[in-house]
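Analysis of the macromolecular model
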Amino acid sequence: MGKWAGRSAAEIAAAVRGKQVTPREVVAEHLARIERLDGRIEAFRAVRAQAALAEADEVGSRADLAELPLAGVPVAVKDNLAVRGEARRNGSAATPDAPADEDHVTVARLRAAGAVVVGLTNVPELCVFGTTEGVYGIARNPWDPTRTAGGSSGGSAAAVAAGLVPLALGNDGMGSLRIPAANCGLVTLKAGHGVVPAGIGNGDWFGMSENGPLATTVEDLRLMYGVLAGAEPERAAQPPRLRIAAAVRSPLAGVGVSRPYTTAVREAAGLLTRAGHRVRRAEPPYPLDLGVTAVRHWTAGTAVDAEGLDRARLARRTRVHAAVGRRFVASVRSGDGRERLRARLAPFFAEHDVLLTPSLARRSPQAGPWHERGWLRNVLANTAYSPFTPPWNLTGWPAMSLPFGSLPSGAPCAVQLVGRPGSESVLLDLAEELERLRPWQRTAPLAEQAGG
C-alpha cells in the first residue's frame, strides 16, 4: 500500500489537520489505488477523479481545517443518495441520468466535516437484494472475488475492504449495511429510527431504511457516525456490566445456520463473559410468521420505489418484486405488523441489554449475474444466507455487525449486536471491547496481492 491508502480515517484526518499531508495528496493516492484495483471488484459505478481533486484543494484551503473531524478523508457514497453534480442511478437503467442539484443531507454533513467524495458505488437495481450486480457491474468481495460483496451497499463495502477509501456511506432497509459489512470484514451500525437523517427513495421503505457508515475500525465508525448523526456518541466512563443474550437460531423458520457463524457467537460470548458481562443463551421470541411479514414489507418498499419508472427498462426480478409488493402497500403503510413485532420483542429487551447473534447464516452466494436470474431464485438465495438482519429494520431498533472469526475460505465471519432504542453508544462500546479482545485484519489480501 501507499503511505496513506489503507490508513484509517482517524489517522488521515489527524495528519491533514496537522499539515503533515495535503487533502490533494491523500485523495490522489486513493484515486490511483481505485484505478489499479477496482477493475477486479467493481465497487464503483462512477469515479469523480477531477472533481474530487478540486474539492480536496477546497478542503485544504478552508480556514477551519484544523477543526474538521474528517479533514481530507476520501469517502464513497452509495448510488441511491444524491451527490451534487452527479446522476443518481440506483443501479438501474430506468432511472434519470440528470445530475443532482444538491447533496443529500448525509453527503452534505460529510463534506462539511471535511470529507471528499471520490465516487458513487454500485448497488443492485433499486437496492432490493443482498447481492450487488446489474447493468453497472458485479461488486465482488475483496476477500474472495468469486463471491458477491453482498448488498445492497455492496459497492460501498467492497471499496472500504479493498482500501480504496477508508470510509463509505450506505444504507440499510433489510440488512443492506450489515450484510455486505459481514461479508467484507467491516464494522457498521444501522442506527435506530430517526437518529441519522434518512430520505432514501420514496419514503425510506416505510421508515425501515437508515443511512449509515462502513468502516474498518470502531474508532472510524464512531467518527463517521457522529458526523452523520450530528453528535459524537458518548463513551461510557466505566464500561457497564451488560446483560447479553447469545442466540444462534435463525429468526426465519426453516433456515439453517452454518457452523462458522454459530461458533463465532459462542466464542464472542465466551470473551464477553470473561470480560465481566453476564452472558446467557437466550433466543428471542420471533413469531412464526416473521418471514411473511418481512417479505410483505420488502416487496412493498420496492413497489413504491418503482412507481413512475419505465417497467420495460427494469430487470425482470425487480418487476416481479414490485408486482408482488403492490398488493401489500396499504397494509404495510399502516405499521400494524411492525408494531406487533415490537410489542412481542420488547419484553425480551427488558431482560437483556444486548442481543448477540450471527450476522449471517452462511457465506455469501457466488458472484454472478443474479439480475438475470429468476425472482424466486434470488429471494431464496437472499433468505438462506441473511435471515438475522430484517427483524431490526422492522422494529426500527439499532443493530450493528462486526468481524469475528473466519470462514474456512479465510474470508471474515461476523457477529451482530442488537439493542433497544437509544442504545447506539452501548453497542459501539461493546463492539470496541470485542475489537480490543479479538482484533481483525482491516484490509482484504486482494489489495496486497495486487502490489498495494
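Higher on the page you've got the structure.
In this report, we go over the structure that sits alongside the text. Source: prediction; values computed, not measured. (Residues numbered from 1 in each chain as written. Predicted model: local features only at pLDDT ≥ 70, side-chain atom pairs only at ≥ 80, totals over all residues. Heavy atoms only, no water.)

Turning our eyes to something else, we now look at the packing of aromatic side chains. What characterises a pair of aromatic rings is the spacing of the ring centres plus the angle enclosed by the ring planes. Inspection of the entire model under this criterion finds six aromatic pairs. Ring centres of Phe129 and Trp298 lie 5.8 Å apart, and the angle between their planes is 75°; on these two criteria the pair is classed as edge-to-face. Here Phe129, found in the loop between strand S3 (116-121) and strand S4 (133-134), pairs with Trp298, found in helix H10 (residues 290-305); they are 169 residues apart in sequence, far enough to count as distant. What makes Phe129 buried here is its relative accessible area of 1%. Given the relative accessible area of 10%, Trp298 is considered buried. Between the aromatic rings of Phe349 and Trp392, the centroid separation amounts to 5.8 Å while the plane-to-plane angle is 80°, which identifies the pairing as edge-to-face. One end of the pair, Phe349, is in helix H13 (residues 336-351); the other, Trp392, is in helix H15 (residues 390-395), and 43 residues separate them in sequence. Here the two residues Phe349 and Trp392 agree in accessibility, since each one is buried. Ring pairs connect the aromatic residues Tyr286, Phe348, Phe349, Trp392 and Trp397, which therefore count as one cluster. Against the face of Tyr136 rests Arg45, its NZ or CZ located 5.8 Å from the ring centre. The ring of Trp370 is capped by Arg377, whose NZ or CZ atom sits 5.4 Å from the centre of that ring. (Phe/Tyr/Trp six-rings, centres within 6.5 Å; stacked < 30°, edge-to-face > 60°. Helix = DSSP H or I, 4+ residues; strand = E, 2+ residues; numbered from the N terminus. Buried < 20%, exposed > 50% of the residue type's maximum accessible area, 1.4 Å probe, protein only. Lys NZ or Arg CZ within 6 Å of the ring centre and 35° of its normal.)

This next bit is on the pairing of strand S15 (residues 412-419). For S15, the buried fraction is high: eight of the eight residues fall into the buried class. Neither face of S15 is exposed, since Pro412, Ala414, Gln416 and Val418 on one face and Cys413, Val415, Leu417 and Gly419 on the opposite face are all buried. As paired strands, strand S14 (residues 399-406) and S15 are joined by six bridges and run antiparallel to one another. Its bridge partner being in S15, Ser401 is matched across the sheet by Gln416. (Pairing = 2+ DSSP bridges.)

Attention now goes to the layout of surface pockets. Looking at the largest pocket, its volume works out to about 480 Å³. Taken together, 24 residues make up the lining of the largest pocket; nearest its centre are Asn80, Arg88, Asn90, Gly201 and Asn202. When its residues are assigned to classes, the lining of the largest pocket shows nine nonpolar, ten polar and five charged. Considering every element that reaches the lining of the second largest pocket, the biggest residue donor is H10, with five residues. Considering only residue class, the lining of the second largest pocket consists of 16 nonpolar, ten polar and no charged. (1 Å grid on protein atoms, 1.4 Å probe; cavity = no way out; pocket = protein on both sides within 12 Å on 5 of 7 lines; lining within 4 Å. Points joined across faces, edges and corners; volume = space filled by probe spheres on them. Nonpolar A, V, L, I, M, F, W, Y, C, P; charged D, E, K, R; others polar.)

The next point concerns the sheet that holds S3. The strands that make up a sheet pair up through hydrogen bonds in the backbone, lying either parallel or antiparallel. Taken in spatial order, the eleven strands make up an open sheet running S1-S3-S2-S8-S10-S9-S14-S15-S13-S11-S12, and their pairing is mixed. Of all the strands in the sheet, the pair left with one neighbour each is strand S1 (44-47) and strand S12 (278-281). Across the sheet, the axes of successive neighbouring strands diverge by a mean angle of 25°, strand direction being ignored. Here strand S2 (residues 74-78) runs beside S3; their pairing, made up of five bridges, is parallel. Its bridge partner lying in S3, Ala76 is registered against Gly119. (Axes fitted to C-alpha atoms, helices over the stretch in contact; angles between N-to-C directions.)

A separate point is empty space enclosed by the protein. Applying the stated criterion across every chain, the model contains two cavities of 30 Å³ or more. Within this model, the largest cavity holds a volume of roughly 80 Å³. Along its surface, the largest cavity is lined by Asn141, Asp144, Arg147, Asn183, Tyr261, Arg363, Ser364, Leu407, Ser409, Ala411 and Pro412. Partitioning the lining of the largest cavity into residue classes produces four nonpolar, four polar and three charged.

Okay, the pairing of S3 next. Most of S3 is tucked away: six of the six residues are buried. Alignment of S1 against S3, held across three bridges, turns out to be antiparallel. The residue bridging Ala46 from the neighbouring strand is Leu120, located in S3. Handedness of the crossover joining S2 and S3 through helix H4 (residues 105-112): right-handed. (Right-handed = clockwise from strand over helix to strand, strands pointing away.)

Let us look at the environment of Glu210. For Glu210, the location among the structural elements is in strand S10 (residues 210-215). Look at Glu210 and you get buried, because its relative accessible area is 2%. With 36 residues separating them in the primary sequence, Glu210 and Met174 have C-alpha atoms 9.6 Å apart. Not counting chain neighbours up to four residues away, the residues in contact with Glu210 comprise Gly170, Asn171, Asp172, Leu177, Lys190, Ala191, Gly192, His193, Gly194, Val196 and Ile200. Only 3.1 Å separates the side chain of Glu210 from the side chain of His193, close enough to count as a polar contact. (Contact = heavy atoms within 4.5 Å. Polar contact = N/O pair within 3.5 Å; in protein donor to acceptor, adjacent residues only side chain to side chain.)

This brings us to the state of the cysteines. Summed over the entire model, instances satisfying the criterion amount to zero disulfides. Between Cys127, a free cysteine, and Cys184, which holds the nearest cysteine sulfur, the sulfur-to-sulfur gap is 16 Å. Looking at the unpaired Cys413, the closest cysteine sulfur is the one in Cys184, lying at 13 Å. Classification of Cys413 as buried rests on a relative accessible area of 1%. (Disulfide = S-S within 2.5 Å.)

Turning next to helix H5 (residues 154-161). Counting buried positions over the eight residues of H5 gives eight, a clear majority of the element. Taken together, the buried positions of H5 are occupied by Gly154, Gly155, Ser156, Ala157, Ala158, Ala159, Val160 and Ala161. Directly after H5, the chain includes Gly163, whose backbone phi takes a positive value near 75°.

Tracing the chain through its elements places Ser209 in the loop between helix H7 (204-207) and S10. Classification of Ser209 as buried rests on a relative accessible area of 7%. Once you skip the residues sitting within four places of it in the chain, Ser209 turns out to touch Asn171, Asp172, Gly173, Ala198, Ile200 and Asp204.

Trans is the common state for peptide bonds, and a negative phi is the common state for residues other than glycine. A cis amide bond links Gly151 with the next residue in sequence, Ser152, at an omega value of 5°. Mapped onto the elements, Ser152 comes out in the loop between strand S7 (144-148) and H5. Positive phi is not limited to glycine here, since Asp204 has a value of about 60°. Mapped onto the elements, Asp204 comes out in helix H7. The phi angle at Trp205 is positive, at roughly 50°, despite the residue not being glycine. Here Trp205 shows up in helix H7. A relative accessible area of 8% places Trp205 in the buried class.

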